[in-house]
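Residue-level structure breakdown
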Amino acid sequence: MMELWYALVELLPFEWARPDSMYFMKNALLAVLIISPLFGLLSTMVVESRMSFFSDALGHSAFTGIAVGVLCGMADPMWCAVVFAILFALLFTWVRRRTSMASDTVIGVFSSTAVALGIFMATLGGSSFTKFNALLIGDILSVEPGKIALLAAILLVVAALWVCSFNQLMLSSVHPALADSRGIRVFWQEAVFNAAIAVVVTVSMTWVGLLVINSLLVLPAAAARNLSRNMREYHLFAVAGAAAAGVAGLMTSYYWGASTGACITLYLALFFAATFLFRKRRM
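**Focus: the pattern of salt bridges**
Applying the stated rule across the entire model yields 3 salt bridges. The salt bridge involving Lys 26 is made with Glu 10; its shortest N-O contact spans 3.9 Å. One end of the pair, Lys 26, is in helix α2 (residues 23-48); the other, Glu 10, is in the loop between α1 (2-9) and α2, with 16 residues separating them in the sequence. On the basis of relative accessible area, Lys 26 is assigned to the buried category, the value being 0%. For the salt bridge of Glu 48 with Arg 225, the shortest nitrogen-to-oxygen distance reads 2.5 Å. Of this pair, Glu 48 sits in helix α2 while Arg 225 sits in helix α10 (residues 219-227), and the two are 177 residues apart along the sequence. When sorted by exposure, Glu 48 lands in the same class as Arg 225, which is buried.

Laid out in structure tokens, this is it:
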């Protein structure tokens, strides 16, 4: 499969696309084409559910999981981070359903606790925090074919979740009481959706960067809302805008030597600014 991808990329008019050269760039381009639409799709429900800072809190919990994995001597601490982030998401969903506090308050409590625990674990015994600095910025150029296959599998699962449960997810986020009256299990709908975000954020954090990963779950949908008049346009603009910003950000980071995650975020911010100027009647 990767050989077919390399053959297609070699048709592009770039020096890094030449045969038998710069495979890291070709891998990064494929990863961006998978990650960007994935975040664009998830961002629509994140914005509608008013959980824009939830992904930031998940990033902190994932960082804690990685710190725990490193402390335990695991060869690949990412899997420990995935498990920790899923547990974090399920606990958050349970607490939010059983308290009268606003979502941003619950997110703030969980986020501050997770980042404090992560720093505690990372610096336990006088250890240096510098070995975790790469997680803050990310490096998409280090992605491997095996991880790209994992991202593709996650994209397929999320797409299947959208096809099968989008109406229930949307009703649960907009009007939980009405969803309950219709027989929809709101808790489990929210739990599955939050767990999906947890997996995506955790797996992507290494390449996107903890500092900017939240923007990928907010800006695509925020910009799409300015242009869309219905749900179909909403998802189309969010996914297309995220993909375009992802490719443009990767190209800019390669030629200018800047962080890919930061470049993608800046293009998404420009996308939002442009759509704000030409916004249409909101949905």
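**As for unusual backbone geometry**
Even without being a glycine, Asp 20 presents a positive backbone phi close to 60°. Here Asp 20 lies in the loop between α1 and α2. Of note in this structure, Met 22 is not a glycine but carries a positive phi near 50°. By secondary structure assignment, the location of Met 22 is in the loop between α1 and α2. Take Met 22: its relative accessible area is 30%, and that puts it in the partly exposed class.

What counts, and at which threshold
Residues numbered from 1 in each chain as written. Predicted model: local features only at pLDDT ≥ 70, side-chain atom pairs only at ≥ 80, totals over all residues. Heavy atoms only, no water. Salt bridge = Lys/Arg side-chain N within 4 Å of Asp/Glu carboxyl O. Helix = DSSP H or I, 4+ residues; strand = E, 2+ residues; numbered from the N terminus. Buried < 20%, exposed > 50% of the residue type's maximum accessible area, 1.4 Å probe, protein only.

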